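# Structure at a glance
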Amino acid sequence: MNTALLLAQTGGEVTTGEAVAFWILGPLALAGGLGMLFSRNAVHSALWLVLTMLGLGVMYMVQQAPFLGFVQIIVYTGAIMMLFLFVLMMVGRDASDSVVEVLRGQRFAAAVFGLGFGVLMVTALARALTDVPARGLVEANTTNGGNVGNIGRAVFTDYVFPFELTSALLITAALGAMVLAFVDRRHTERKTQREMVEMRLRGEHDRPSPLPGPGVFATANSVATPALLPDGSVAPESVSELIEATSRKTLESDVAEVAGTVPGPDAHALTGKEGDR
Amino acid sequence: MLLAQVEQVQVPDLDFPAIAPILIVLGAACVSVLFEAFLPRSARWAAQFGLSVLTLVGAGAALLAYLGDAPATGVTTLAGALAVDKPALFLWATLLILGLGSVFLMADRRVEPGGAFAADAAIRPGTIQDRAQATTVMQTEVFPLALFSLGGMMVFTASNDLLTMFIALEVLSLPLYLMCGLARRRRLISQEAAVKYFLLGAFASAFFLYGLALLYGYAGSIKLSAIAAAAGGSDRSDTLLFAGIGLLVVGLLFKAAVGPFHTWSPDVYQGAPTPVTAFMGACTKVAAFGGILRVFSVAFEATSWEWRGVLWGVAIVSMLIGAILGLTQTDIKRMVAYSSVAHAGFLLIGSIALTDEGRAATLFYLLTYGFTTLSVFAVISLVRDANGEATQISSWAGLAKRSPVVAGIFTVLLLALAGIPFTSGFVGKFVVFSAALADGMAPLVVIALLASAVAAFFYLRIIVLMYMREPEEDGPTVSLPGVPTTITIALGVAVTILLGVFPSAVLDWSVVGAFVS
Amino acid sequence: MSGAFLLPALLFLPLVGGVVVALLRNNDKLAKLAALGFSLGELVLAVFAWIAFDANGARLQLTSSVEWIPQFGVNFALGVDGIALVMIALIAFLVPIVIGASWEEKLPEGRTLGGFLSLILVMETFMVGVFAATDVFLFYVFFEAMLIPAYFLIGRFGGPRRTYAAMKFFLYSLLGGLIMLASVIGVYVTSADVLGKGTFEWAKLAEISKDLSPTAQFWLFLGFFVAFAIKAPLVPLHTWLPDSAAEAPVGVGVLLVGVLDKVGTFGFLRYGLSLFPEASKQLAPLVLVLAVIGILYGAFLAFGQSDMKRFVAFTSIAHFGFIALGIFAFSSQSISGSVLYMVNHGISTGMLFLVVGMVMARGGSRQFADYGGMAKLTPVLGGLFLVAGLSSLALPGTNSFVSEFLVLVGSFPNEPVFTILASVGMVLAALYVLRAYQQIMQGPVRGTALVGLAGGPGSATDPESDTFKSKIADLSRRELIVLAPLVALIIGLGVYPKPVLDVITPSVTATMTEAGVTDPVVAQEGDK
């Protein structure tokens, strides 16, 4: 059908269709990347990234690598980015990154490394374009049932053992998730409401009724205000023990924070100074 | 047109008897997970413990059965993914028996009432529910995890291509990360250890994977033999080769806790539950060095001139870090961790000798070191005070007075670590150093001996504390070990002394010849 | 009588004894008797070995060999030449004396005498092993293993700073040992180059010693040299000895200085000269310099010591200088003298240690300044102190004289300068010994240790009074029995050293042949 086309590609020539597809997808992918970097909202960022990945996936397909293209779309955009979005939603989409520089000279180092990486990429690309002869995908795409067939063959012949072994990895991961996240609550005994009422009336608790709430007066709506008993005396149980027991000193920082007299977060906020809560 | 070319896929040959031990261990791990799912909580401990022991013994039996008619040069099977040769079989046997000892330690519920593992690791530390579970019976997921890890280790030592090796590396590591965080006591430090190990381990895996990719780019194949062939004679870019080797080796050295890639080990050794520390200290070391030996001898032998100098340096750094930082430790588990870094340096010397003697010596050293380490941690788990294990070195003062037997056993083990004659540690050092010397590494041997003299100081410090100081008033007591721990300690001490006095039989076994590829 | 069983028996009897005594440790009396019994049994065996040994026979006798680690050609091979035989005899002779001397030892709280004696017997096994091994690997194993009982003996049963001393002792020795291990392995590897298959057998290694390149010899010898120089403390490496000897219990001090340190000088002969002849000659000037420095430095420091046990340790450093001088002067007289010196030093310094211990047992202090005029109270102890001291300063008529004289006479033709310097040491020896004697024994009764015991200054201080004398008693019968054999040997070997020299000389000649050195032409036949 398109043997001629394939042969042409082996020689490294670019067909018109391919060029058109590239010039449409390339800017889109690039725009996705830039959009991801510059959008302020994390969810938007993720969606921009999806655009980039979709563009890349289609480009793979155009480049005679349909399997890779679909994997790119299914795995990256379909699974991984969706997980990303889930996590973002769970954390709260308003949560913004801390822009505080924790490590001294972090920005500078990042700039240097970024630049270095860029140089590496450019040189590698330049070399690939000049020195390396294109091998083409004809052989892989035509023999033994084509690209997908070859991958399937490799997975079930040469790499059958590593492939099977990954199952051990998955089982371990599932087991680990269970161990670390699942709390077995069946064994903590829950009493029914009836049982609890009976216990209360039988005198197994200090008092049958709940503790009285704090008093709220016209002059105060603080929980620290005690309730008054019918005879006008103070009901001590009405104020939380915590309020009585907490000395003013420990609350000073909170007071200051509410009053807005403390400085905002600085670069050392994360290093954990003594008494810094 | 494409469909017409599809033909029947040839299933790769499967040498079942050869890989039976691996299949048994991994299969039993899956069964063990099912036990977790379907057995009532009360029956799990007995079932899991029984299954694990049975598995390891069964795998050992399968190994012995295969050993009888195994081809002398070894075979590769599963399309060359696994190479089952004499070194691999030796390592498997070592792993199985050390694994058995570790499983015994994990199963003990007497030293720490209820077991060394949390009853419910998902409960947040320090909460009311956490305090309530302080004395309830432990979680048993640790058994399948240990089996998976052990299976991964066995594959790792026998894998004949880098991809299998990488997956095996993950299979052995992932359960370890999990097990580190399951301690019953001091849970926060245990979870910290798990996270730290996980993050650094993931980082090291990335190094390994990157190296793998570069080597694939260089050789066009991930098979060790193909890489060797490519390196043997070709005009391809050496940059790819050496960058690949460097990154790959970093990943391997990390697993083996060779300095300067050791930074995780003191924290993790300290935080992990002691049976898991024992498992890591003994089995991971064996697996990692098994892998290092294979990769070096099979894939990179032709280029040994280029990388050997670097690894000389690494070995020296490792020995010095282990010996010198070990001096400053106040926690006994951290001290043993640093000692293991020093020992990793010694092992590396044997590994880079790349001779038959060097290989045999490293294997022998791994065996002896594994047993000694296992019992060292077993003994550490016995010395306890009100807060669990008394790992502060200072609190070991006068132990000999309170429990002369435990102090005596620990002294023997420490002397073995220091490499004093009539212990296995001495014979191990001797064989490694003689192989290294025969291979022309005299300066390295001298440095190694000086490092072991320095390291002897901190082993000795503990002996001094135990024998020559008076016990403190509220010092720790030695709790009576349960049967499993007793078996492990007895086994370890017996091997330590026996291999020190009559090493020749095992030395014979350790002469395994070359790797197959 | 082939006597092949004698050495294994000599080796394992004390080990068995050690185990038995350890089991009996809760019964002091029984443990003591058992320990004494085993050590006397050992002495009897040693006598048999002496009889079975033919001085003019083969180079190594009473040999036996069992394969141990065939992969590395390691054999459990035992055998003795004349030099090793006299050292083993010295061990077998000293151990019962040490046990007798420790009969009523005051140990730190919580330690049993049984444990102490059991460790002494175990150490005896390893010491015999070091001298009897004819396999370099086996030698090394015993060399290192010897440290462990010694370490525990010092660290558990010693004086106030015992932990520090034990640690220092162990680390010094271990460091030396590990450096030696490099050379032991090196010897094996180079022998594999020469023979095709590596060996540790001493006799074979001595045969191929000439085939080794000078460079290889130099480096290999250096490894052994460091270990031996630490053991037989040559000067810059000696600092552990005063601490260890001072903190060790008296009996252990006797074995430490009397026997254990001789491993170093013995090693120079057996493993230095015979295995690395060229390197020995090359390094001889260095050793000679260190030896002479040791003689003078040890003597000066001995003169300046205020602590009696450290004093004995420093005299030993001076004596070890003489031994090393004799060995590396490379003449048959000087080497024979050195070997004889090794025996005599064990006897005379052992005795000096014991009498110092007996003084300390009475006064309770290690300081010279706390004593004075003790001979008035304890005339017998005073007399025996003098005998030990005179033997130590090599007075003619005592055993040490013969050996010191042989060393100096033998060394002179080869190394006149060093010999003259060394003889200054003899004069210094007279000074420090007599000063010590004078300080402790002569003059009016004084010093807090004695006067304080008798009731404090100002009360009942009349040394002639009966109450005073009863507090500071003279030697008991047990102490006399312990010292008597030593005195007998000091005088006996001083007058008639021939039996020992006869055993030594053929081995010395053989060693010299192996080392490829000959007597200088002016040397005379030197038996006396």
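Further up the page is the structure itself.
This section reports on the structure supplied with the text. These numbers were taken from a predicted model, which means no experiment stands behind them.

Secondary structure assignment for chain A yields eleven helices and two strands. Helices and strands appear in chain A in the N-to-C order α-α-α-α-α-α-α-α-α-β-β-α-α. The buried share of chain A, reckoned over its 277 residues, is 9%. Look at the contacts in chain A between residues 6 or more apart in sequence, and 43% of them connect residues 24 or more apart.

Turning our attention to helix α7 (residues 162–195) of chain C. Residues and elements named next belong to chain C. With 34 residues, α7 should reach 50 Å at 1.5 Å per residue; the first-to-last C-alpha distance of 47 Å fits that figure. Within α7, 26 of the 34 residues are buried, which leaves the element mostly enclosed by the surrounding structure. Positive phi appears at G196, one or two residues downstream of α7, with a value of about 95 degrees.

A few words now on the arrangement of the chains. The pair of protein chains exhibiting the most contacts, out of two pairs of chains in contact, is chains A and B. At the C-alpha level, the nearest point of chain A lies 38 Å from chain C, with no contact between them.

So, about the sheet that holds strand β3 (residues 383–385) of chain B. Residue and element names in this part refer to chain B. Here we have three strands laid out as an open sheet, ordered β4-β3-β5, and antiparallel in their pairing. Every interior strand has two partners, whereas the edge strands, β4 (388–389) and β5 (477–478), have only one. Sheet topology places β3 next to β5; two bridges connect them, and they run antiparallel. By the bridge assignment, V383 is partnered in β5 with V478.

Now for the interface of chain B and chain C. Taken together, the contact pairs 24 residues of chain B with 26 residues of chain C. Only α17 (424–438), α18 (442–468) and α20 (504–510) of chain B provide two or more residues apiece to the side of chain B that touches chain C. For the side of chain B that touches chain C, the element with the most residues is α18(B), which contributes eleven residues. Residue classes in the side of chain B that touches chain C are distributed as 19 nonpolar, three polar and two charged.

Attention now moves to the interface of chain A and chain B. Counting residues at the interface gives 28 residues for chain A and 35 residues for chain B. Elements represented by at least two residues in the side of chain A that touches chain B include exactly α7 (146–156) and α8 (160–181) of chain A. Ranked by residue count, the leading element in the side of chain A that touches chain B is α8(A), at 15 residues. Tallied by class, the residues present in the side of chain A that touches chain B amount to 16 nonpolar, nine polar and three charged.

Reading the values: the criteria
Here the residue numbers are simple positions, counted from 1 along each chain's written sequence. As a convention, the first chain written is A and the first ligand written is 1, with the rest following in written order. Under the rules for a predicted model, residues below a pLDDT of 70 receive no local features and side-chain atom pairs below 80 are neither given nor counted, while totals for whole chains, interfaces and linings still include all residues. Numbering of helices and strands runs from the N terminus, with a helix taken as a DSSP run of H or I at least four residues long and a strand as a DSSP run of E at least two residues long. Exposure is read from a count of other C-beta atoms within 10 Å of each residue's own; the residue is exposed at 12 or fewer, buried at 20 or more and partly exposed in between. C-beta atoms are placed from the backbone. Residues are defined as contacting one another if the C-beta atoms placed from their backbone atoms lie within 7 Å. Helix span, expected: 1.5 Å multiplied by one less than the number of residues in the helix. Two strands pair under a simple rule: DSSP has to find at least two bridges between them. Under the scheme applied here, ten amino acids are nonpolar (Ala, Val, Leu, Ile, Met, Phe, Trp, Tyr, Cys and Pro), four are charged (Asp, Glu, Lys and Arg), and all others, including Gly, are polar.

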